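For reference, the chains in residue letters:
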Amino acid sequence: MLPKEAGPGEPQEKKVLVDNQFVKLVTITLRGGAVMPEHAAPLPVTIEALSGGGVVRLGTSEMRVDREHIVALGPGVPHAVVPDAGTDLVLLLHAMKPGAKK
């Protein structure tokens, strides 16, 4: 089940929902001003907010992420995630895998 709000817990929590040969689905919860520091995913990803809002920082530019805005990134793109001030943020990440080897 996907979380509808952050609820109580650690400042940053990660939960793998699905991890198979095609896709990895992960929820990440950022509470109390926690920021996801800059990193890069090895696979293409989409990032959507299940609750709250914030920005995905790509160097000096920012892309909005909330219930109305989804961010899509190619593999290896450095990015950080910053919740809106005073807001807990629950993200759903989809990492697309290349599929089964033939």
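See the structure shown above.
Residues numbered from 1 in each chain as written. Predicted model: local features only at pLDDT ≥ 70, side-chain atom pairs only at ≥ 80, totals over all residues. Heavy atoms only, no water.

Visitor: Quick question: what am I supposed to make of the sheet that holds strand β4 (residues 45–51) here?
Guide: Through backbone hydrogen bonds, the strands of a sheet pair up, either in parallel or in antiparallel fashion. On the basis of which strands lie adjacent, the open sheet formed by five strands has the order β1-β2-β9-β4-β7 and antiparallel pairing. Unpaired on one side and paired on the other, β1 (12–19) and β7 (71–73) mark the two borders of the sheet. The average angle at which neighbouring strand axes cross in this sheet is 20°, direction not considered. Summarising the sheet, β4 and strand β9 (residues 89–96) pair through six bridges and their orientation is antiparallel. Its bridge partner lying in β9, Thr46 is registered against His94. (Pairing = 2+ DSSP bridges. Helix = DSSP H or I, 4+ residues; strand = E, 2+ residues; numbered from the N terminus. Axes fitted to C-alpha atoms, helices over the stretch in contact; angles between N-to-C directions.)

Visitor: For this particular structure, what's the right way to read the sheet that holds strand β3 (residues 36–39)?
Guide: As summarised here, the arrangement of the four strands in space is β3-β8-β5-β6, forming an open sheet in which the pairing is antiparallel. With one partner strand each, in any of the chains shown, β3 and β6 (61–65) form the two edges of the open sheet. Shown here is a sheet whose adjacent strand axes are inclined to one another by a mean of 25°, direction ignored. Both strand β5 (residues 54–58) and β6 contribute to a ladder of five bridges, which runs antiparallel. Bridge pairing in β6 links Val55 to Arg64.

Visitor: What am I meant to see in the pattern of salt bridges here?
Guide: Under the criterion given, the structure shown has five salt bridges. Among the ionic pairs, Arg64 bridges to Asp66, the shortest N-O distance being 3.1 Å. Arg64 sits in the partly exposed class, given a relative accessible area of 32%. Owing to a relative accessible area of 14%, Asp66 belongs among the buried residues under this scheme. Shared partners join several salt bridges into a network, and the residues in it are Arg64, Asp66 and Asp84. (Salt bridge = Lys/Arg side-chain N within 4 Å of Asp/Glu carboxyl O. Buried < 20%, exposed > 50% of the residue type's maximum accessible area, 1.4 Å probe, protein only.)

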